[in-house]
Protein chains: 2
Amino acid sequence: MLAQFTKRVPEVLEWLATFGADPEGGVTRLLYTDAWLQAQQALAAIMQELGLEPKYDAVGNLYGKLQGINPELKPVLTGSHIDTVKNGGKYDGAYGVIASMLALGYLKAAFGAPKRTLEVVSFCEEEGSRFPLTFWGSGHVTGVHQMEAAATIADREGITLLDAMQRAGFTGGQGDSASRNDLGAYIEIHIEQGSVLEYNGKQIGIVTAIVGQKRLTVRVLGKANHAGTTPMTMRRDALAGAAEMVALTEKLALEEGDPLVATVGKLEVKQGTSNVVPGEVEFTLDIRHTDESKLQTFCTNLLTKLEEIAMRRELDIQSVEHLSVSPVVMHSGISAEIESICQDQGFKGMKLPSGAGHDAQLFGAVCPTALIFVPSRGGLSHNPEELTSAEDLAAGFQTLVQLLYQYGYGGKADEIL
Amino acid sequence: MLAQFTKRVPEVLEWLATFGADPEGGVTRLLYTDAWLQAQQALAAIMQELGLEPKYDAVGNLYGKLQGINPELKPVLTGSHIDTVKNGGKYDGAYGVIASMLALGYLKAAFGAPKRTLEVVSFCEEEGSRFPLTFWGSGHVTGVHQMEAAATIADREGITLLDAMQRAGFTGGQGDSASRNDLGAYIEIHIEQGSVLEYNGKQIGIVTAIVGQKRLTVRVLGKANHAGTTPMTMRRDALAGAAEMVALTEKLALEEGDPLVATVGKLEVKQGTSNVVPGEVEFTLDIRHTDESKLQTFCTNLLTKLEEIAMRRELDIQSVEHLSVSPVVMHSGISAEIESICQDQGFKGMKLPSGAGHDAQLFGAVCPTALIFVPSRGGLSHNPEELTSAEDLAAGFQTLVQLLYQYGYGGKADEIL
């Protein structure tokens with residue numbers, strides 16, 4: 001029977017990808033659009049078929065439930081998100097929802113009612129693709145988002161989040177009606193969106209922590225000058241200074257080593273012309289680490305050194321921090337259980353940090369949380385070319401099944417979470 | 001009487017700046033426009049007043065002549081250009097034309113007919129601001145430009161150079177009717193457009209050579225990747241590579257030393273986003289030197305080293321050369337004469353290369369050529385804020401007067417050039 005359910009995972013993934021399918025390939029399911037609503041309804045129908053009592057909350061998160069026998073044991077929630085980026089792939093979010101739903105369907109069919117209630121969730125939104133905010137789904141469940149935001153935030157066509165939600169049939173409810181404070185644990189399975197598993201020849205990633213992140217903009221001001229008539233020693237070249245800063249950022253990040261990453265993704269020479277010494281450059285910094293204090297120390301040290309470069313070159317420098325997110329550590333007990341399942345099942349697993357954000361990071365502060373990765377071919381995500389092999393989808397699914405079995409029926413079912 | 005003529009220099013400069021004056025300040029006199037034509041006519045009127053027999057050639061270069069007594073001595077030509085960039089300053093080009101014209105006016109008034117014919121020229125075009133070509137004026141005189149180009153080159157409104165020229169009243173003539181092969185020497189005075197004189201506290205720049213120049217575009221290709229999920233050691237970051245290249249360009253240029261300059265004026269991260277490791281970067285290189293072989297050696301060596309950086313980082317690199325102009329050495333005999341005039345007159349002079357292009361560079365291949373600079377405040381040019389102090393304008397004018405006296409009436413008048 002496990003084989004049958006395992007086989008359904010890629011089938012349901014392909015089928016779900018028809019909701020919001022783009023003509024040229026890829027999937028676009030933005031929050032509260034028709035494609036999105038039809039996909040949630042399609043998932044609800046499968047939950048119904050599997051006997052999982054589908055139910056929406058006030059903002060459109062879709063739950064399925066496998067009722068446990070012992071009401072004193074807090075439920076374990078598993079799932080991911082249904083929305084996509086514009087012209088995204090079939091796997092990001094969807095794989096987690098489908099694997100979780102089919103895992104509960106299998107467990108119900110094979111073992112009947114668990115000791116502990118197991119629930120699947122298809123979060124309404126995680127990507128931030130339609131409205132300028134992220135985690136609208138899991139943020140409500142964990143009490144991070146409130147309804148107040150909905151009236152003031154609008155998409156590119158000027159439709160507010162509140163309007164869009166109500167048009168899709170969701171009231172938003174009163175106060176924090178979508179929040180949950182009864183959860184025993186949250187478990188998510190997701191594609192890696194990187195190539196660490198592929199590079200290391202592994203099938204299962206056991207996420208140790210979701211990185212904290214800082215995003216900054218750095219502005220470097222020198223003096224625009226004639227490229228022919230200004231001797232090298234008389235220049236205050238903003239780009240030469242910025243280049244030294246970019247090179248130093250990479251050097252320090254390599255010295256610090258994994259799991260720190262530091263990226264200059266965008267760099268603009270203002271009014272750049274081939275025969276003018278650049279007077280102004282602006283670039284971004286994206287710095288991530290699983291350890292909050294190491295992240296902070298790295299950033300402080302880096303900025304000090306960038307200022308030294310600026311001072312030595314007689315340049316002005318200004319930096320603005322746009323985003324600061326703390327790292328979230330995954331639960332060591334559940335992670336150890338995943339590791340042991342991999343050994344038992346013969347799946348090649350490895351521990352790794354998550355460099356990308358996930359719904360799981362919002363649960364880290366609320367309850368024990370675990371995050372499982374399966375490989376992304378070529379590290380691709382947010383892309384129609386997103387691909388995870390059927391074999392890897394199966395390994396991830398069966399790992400999740402075993403894990404939920406342990407917490408629902410097996411050795412961990414009575415454990416207080 | 002010299003004092004009177006010296007005083008006229010800034011007066012005529014201010015007055016000429018009213019032709020093509022921009023409402024917000026600055027001057028725009030594009031080739032063959034009404035403002036340009038009126039300015040040439042205004043200069044012709046002053047030449048007439050000074051007794052310099054004004055005359056246009058077939059493309060609109062305006063000459064004034066002070067006829068010499070000995071027809072066997074080749075004439076010395078002095079001048080600069082009348083056109084400006086869009087919203088340029090009052091001094092670039094105009095100073096050289098006005099100083100030359102008033103110098104001849106003074107010499108005629110003070111000393112009568114010279115032994116050798118002295119001529120002033122107001123070239124029709126140097127900047128390349130209206131049509132995509134430069135040196136339309138001096139290029140005809142030196143035989144570099146032919147009329148063929150005029151029918152195919154158009155301005156942004158689709159008006160061909162030929163049309164514009166004919167509308168302004170110039171025929172273009174037959175063959176190379178505007179070319180001159182009778183010249184003994186060409187002497188130009190111009191603002192520096194840099195701040196070397198200002199920085200060194202000098203009034204007169206004696207240009208040793210006009211730099212040769214190479215312009216290239218360099219394209220660096222890596223692999224775009226997720227900034228969170230791609231460890232530092234697994235990246236092929238096009239921007240980190242380009243930053244190392246920009247830094248190396250500056251380092252090698254500083255090691256090579258004056259007069260070499262190397263500039264990355266433009267750098268673009270293709271599809272740059274703060275949370276994506278850059279996959280493609282394009283930047284420009286502008287490299288100048290007064291010595292052709294040193295320029296070539298530097299470029300070859302630099303490109304080899306950039307390729308090494310690319311190879312080490314597993315990046316692809318492509319470079320395309322867009323422009324290659326040879327250096328032009330100024331005449332050592334005339335330059336020595338300028339130096340000696342500075343000493344006699346008590347003007348603080350210094351030798352320096354010209355990093356910018358000038359009409360003088362076209363004459364270098366045709367006849368002995370000299371170029372004199374006066375300071376540009378703050379190094380500014382092509383800018384409404386362009387400024388040279390009245391004192392520096394006077395020093396430059398009087399240096400030119402003395403030089404033309406030497407070659408027209410004095411110790412150098414009989415010299416075969």
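Coordinates for the structure precede this section.
Here we summarise the structure given alongside this text. (Residues numbered from 1 in each chain as written. Chains lettered and ligands numbered in written order. Predicted model: local features only at pLDDT ≥ 70, side-chain atom pairs only at ≥ 80, totals over all residues. Heavy atoms only, no water.)

## What to know about the packing of helix H10 (residues 332-345) of chain A against helix H12 (residues 390-408) of chain A
All names here are of chain A.
(1) Moving on: Interaxial distance between H10 and H12 falls to 10 Å at its minimum, and their mutual angle equals 125 degrees. If you check the angle between H10 and H12, you find them oblique. H10 and H12 meet at a crossing whose hand is right-handed. Every residue of H12 that contacts H10 at Gly333, Ile334, Glu337, Ile338, Ile341 and Gln345 is listed here: Thr399, Gln402, Leu403, Gln406 and Tyr407. (Axes fitted to C-alpha atoms, helices over the stretch in contact; angles between N-to-C directions. Helix = DSSP H or I, 4+ residues; strand = E, 2+ residues; numbered from the N terminus. Parallel < 35°, antiparallel > 145°, perpendicular 65-115°, else oblique. Left-handed = near helix turned anticlockwise from the far one by under 90°. Contact = heavy atoms within 4.5 Å.)

## Digging into the pattern of salt bridges
(1) Moving on: Within the structure shown, the criterion is met by 38 salt bridges over all chains.
(2) Moving on: Between Lys251 of chain A and Glu255 of chain A there is a salt bridge, with the nearest N and O atoms lying 3.1 Å from each other. Note that Lys251 of chain A and Glu255 of chain A are positioned in helix H8 (residues 238-256) at a spacing of four residues, about one turn of the helix.
(3) Moving on: Overall, Lys251 of chain A belongs to the partly exposed group, its relative accessible area being 46%.
(4) Moving on: Overall, the relative accessible area of 54% leaves Glu255 of chain A in the exposed class.
(5) Moving on: Put simply, Lys412 of chain B and Glu337 of chain B hold a salt bridge, and the shortest N to O gap is 3.9 Å. (Salt bridge = Lys/Arg side-chain N within 4 Å of Asp/Glu carboxyl O. Buried < 20%, exposed > 50% of the residue type's maximum accessible area, 1.4 Å probe, protein only.)

## Some words on helix H9 (residues 292-312) of chain A
Three or four residues apart is the spacing at which side chains of an α-helix point the same way, because the helix has 3.6 residues per turn.
Residue and element names in this part refer to chain A.
(1) Moving on: The terminal C-alpha atoms of H9, which comprises 21 residues, lie 30 Å apart, in line with the 30 Å expected from a rise of 1.5 Å per residue.
(2) Moving on: Near the N-terminus of H9, the side chain that reaches the backbone nitrogen of Ser293, with its oxygen 3.0 Å away, is that of Asp291.
(3) Moving on: Just downstream of H9, Glu314 is the residue with a positive phi angle, here 55 degrees. (Expected span 1.5 Å × (residues − 1). Polar contact = N/O pair within 3.5 Å; in protein donor to acceptor, adjacent residues only side chain to side chain.)

## What to know about the nonpolar core
(1) Moving on: Within the largest apolar cluster, 76 residues are counted, with the highest numbers of intra-cluster contacts made by Tyr32, Met101, Trp136 and Phe397 of chain B.
(2) Moving on: In terms of residues, this core owes the most to one element, helix H3 (residues 94-111) of chain B, which gives eleven residues.
(3) Moving on: The contacts of Trp136 of chain B, once residues within four sequence positions are left out, are Leu31, Tyr32, Val59, Cys124, Glu125, His145, Gln146, Met147, Ala149, Ala150, Leu161 and Met165 of chain B.
(4) Moving on: One finds Ile82, Ile98, Met165 and Ile334 of chain A within the second-largest nonpolar core, a separate group that totals 75 residues. (Core = buried A, V, L, I, M, F, W, Y, C linked by side-chain atoms within 4.5 Å.)

## Remarks on the interface of chain B and chain A
(1) Moving on: Of the residues lining the interface, 51 residues belong to chain B; the matching set on chain A comes to 51 residues.
(2) Moving on: Across the chain B/chain A interface, buried area totals approximately 4000 Å², and carbon plus sulfur atoms make up 60% of it.
(3) Moving on: It is Thr229, Met232 and Ser274 of chain B that lose the most area in chain B upon contact with chain A, and together they represent 15% of the buried surface on that side.
(4) Moving on: At the junction of chain B with chain A, the criterion picks out two salt bridges.
(5) Moving on: Between Glu250 of chain B and Arg313 of chain A there is a salt bridge, with its nearest N and O atoms 2.7 Å apart.
(6) Moving on: At the boundary of chain B and chain A, one finds ten residue pairs in polar contact (both at pLDDT 80 or more).
(7) Moving on: Only helix H6 (196-200), helix H7 (238-256), strand E9 (261-263), strand E10 (267-269), strand E11 (276-277) and strand E12 (280-289) of chain B provide two or more residues apiece to the side of chain B that touches chain A.
(8) Moving on: Top element by residues in the side of chain B that touches chain A is H7 of chain B. It accounts for eight residues.
(9) Moving on: By residue class, the composition of the side of chain B that touches chain A is 23 nonpolar, 18 polar and ten charged. (Buried area = accessible area lost by both parts, 1.4 Å probe. Nonpolar A, V, L, I, M, F, W, Y, C, P; charged D, E, K, R; others polar.)

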